[in-house]
Amino acid sequence: MAVGVVAAAGLSAPGPLDHQTGVILTTQNIAGFVDANFPLAARVAAGLGGPPVFLDRDTVMAAIGEGTVGAAKGARDFVYLTVSTGVGGAIVSGGRMVRGASNTAGELGHFPVGMDRDVRCRCGSFGCVEAYAAGRNLAEAYGVADASIVYAKAAVGDPRAAALIARAEAALANLVVGIVNALNPERIVVGGSVAEHEPAHVIEPMRRAIAERAFKVPAGAVRIVPSALAGDVSIVGAALAARDRAAGRGQWFL
Ligand SMILES: [Zn+2]
């Protein structure tokens, strides 16, 4: 049997990171990477013994996947949003990935949507959409291990669970109305495990809020769609990013 040669590899990781140098700057979410400036791409390339390795943020890889072969295919202005253990995203504007001055653009989970100082976020701030709507935060606020329990309790009429979920829905609604008004995307692709399992509590409240109170012109231009690539989205994106960067292409996302 013929064995293919590995021409390149793609790596998807939480940020902040430098996608040009392949260095993880800092991340609280992976044990061992805490003090960082960790040259992850170079370490993996050394381990693989030759092929180039390309690193990028997990949500950026997801946007590359959805934009190339998924739910944002053909769109030049779109936002990828994940509602999962955390909340995150990536922004593509005019056919280019928005990177910002230090590569953190698109970290939509830390967009402040509330003014309640008691709703603390891991980033050190308060009122971030992640603090209300991320699966981990919902579970912690209710006092259980998994957000699916909170949704199940709400479904059988538990008022405390229902209130937490209503608050999460309101936070996500504020976020997407802000995204539509500020960025005028043609699509918002919503992925992540919470969105996948609870679309009636994630995608539907977003659609209602945009119809009710976003600016009319951008509201008429946008569609909120579920991820087409689901749990594989970052892996697909990483493979596509590696292929394109190794071939000297992929300028739209660099
Ligand atoms: Zn935050």
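Small disclaimer: the values here were computed from a predicted structure and weren't measured.

Enquirer: Just checking my understanding: could you explain the overall build of the protein for this structure?
Expert: Check the secondary structure of the protein and you find 10 helices and nine strands. In terms of overall dimensions, the protein is globule-like: its C-alpha atoms have a radius of gyration of 19 Å, near the 18 Å expected for 254 residues. The principal-axis extents of the C-alpha atoms in the protein amount to approximately 60 × 40 × 40 Å. Across the 254 residues that make up the protein, the buried fraction comes to 43%. For the protein, the proportion of contacts with a sequence separation of at least 24, taken over those separated by at least 6, is 60%.

Enquirer: In this structure, what is going on with helix 4 (residues 135-142)? I would like to understand it.
Expert: Every α-helix carries 3.6 residues per turn, so stepping three or four residues along brings you back to the same face. Looking at helix 4, one finds that the buried residues are G135, N137, L138 and Y142. Buried positions in helix 4, seen along its axis, are confined to an arc of 165 degrees and lie on one side of it. Where helix 4 is buried, its residues touch helix 3 (129-133), helix 5 (147-155), helix 6 (159-183) and helix 7 (193-197).

Enquirer: Would you take a moment to explain the packing of helix 5 against helix 6 for this structure?
Expert: Between two packed helices, what matters for the description is the angle formed by their axes and the separation of those axes. Look at helix 5 against helix 6: their axes get within 7 Å of each other, and the N-to-C directions meet at 115 degrees. You can see that helix 5 and helix 6 cross each other, and the crossing is left-handed. Within the contact between the two elements, helix 5 uses V150, Y151, K153 and A154 and helix 6 uses A161, A162, L164 and I165. Broken down by class, the residue content of the contact of helix 5 with helix 6 amounts to seven nonpolar, no polar and one charged.

Enquirer: Is there a simple way to explain the domain arrangement of the protein in this structure?
Expert: Interfaces are often sized by the amount of accessible area the parts lose when they come together. Under the domain assignment, the protein is made up of domain 1 (9-58 + 232-253) and domain 2 (74-227). Look at where the C-alpha atoms of domain 1 and domain 2 centre, and you get two points 25 Å apart. The interface is formed by eight residues belonging to domain 1 together with eight residues belonging to domain 2. In terms of residue class, the side of domain 1 that touches domain 2 is made up of four nonpolar, three polar and one charged.

Enquirer: What am I meant to see in the pairing of strand 1 (residues 9-13) here?
Expert: Of all five residues in strand 1, four are buried; the element is thus mostly enclosed. Summarising the sheet, strand 1 and strand 4 (residues 53-57) pair through five bridges and their orientation is parallel. Bridge pairing in strand 4 links S12 to D56.

Enquirer: Explain the sheet that holds strand 5 (residues 78-83) to me, please; I cannot follow it from the model alone.
Expert: Across a sheet, strands are paired by hydrogen bonds formed along the backbone, either parallel or antiparallel in direction. Spatially, the five strands line up as an open sheet ordered 7-6-5-8-9, and their pairing is mixed. Here the strands that pair on one side only, and so sit at the sheet edges, are strand 7 (96-97) and strand 9 (223-226). Sheet contacts for helix 6: strand 5, strand 6 (87-93) and strand 8 (187-191); angle to strand 5, the most-contacted strand, approximately 165 degrees.

Enquirer: Got a minute to help me understand unusual backbone geometry in this structure?
Expert: Peptide bonds are trans in most cases, and residues, glycine excluded, mostly fall at negative phi. Of note, the amide linkage connecting G15 to P16 takes the cis form, showing an omega dihedral of 0 degrees. By secondary structure assignment, the location of P16 is in the loop between strand 1 and strand 2 (17-18).

Enquirer: I would appreciate a short explanation of helix 2 (residues 58-69) in the present structure.
Expert: Taking 1.5 Å as the rise per residue, helix 2 with 12 residues should run 16 Å; its terminal C-alpha atoms sit 16 Å apart, in good agreement. For helix 2, a buried count of 10 out of 12 residues is recorded, marking the element as mostly surrounded by other parts of the structure. Looking at helix 2, one finds that the buried residues are D58, T59, V60, M61, A62, A63, I64, G65, E66 and G67.

Enquirer: Whenever I open this one, the environment of L175 confuses me. Can you help?
Expert: Along the polypeptide, L175 turns up in helix 6. Counting along the chain gives 26 residues from L175 to I149, while the straight-line C-alpha distance between them is 24 Å. L175 has contacts with L108, F111, V113 and V129, leaving out every residue within four places of it along the chain.

So, how was this worked out
Residues numbered from 1 in each chain as written. Predicted model: local features only at pLDDT ≥ 70, side-chain atom pairs only at ≥ 80, totals over all residues. Helix = DSSP H or I, 4+ residues; strand = E, 2+ residues; numbered from the N terminus. Rg over C-alpha atoms; globule rule 2.2 N^0.38 Å. Buried ≥ 20, exposed ≤ 12 C-beta atoms within 10 Å, placed from the backbone. Contact = placed C-beta atoms within 7 Å. Arc of directions from axis to C-beta. Axes fitted to C-alpha atoms, helices over the stretch in contact; angles between N-to-C directions. Left-handed = near helix turned anticlockwise from the far one by under 90°. Nonpolar A, V, L, I, M, F, W, Y, C, P; charged D, E, K, R; others polar. Domains from an automatic or database assignment. Pairing = 2+ DSSP bridges. Expected span 1.5 Å × (residues − 1).

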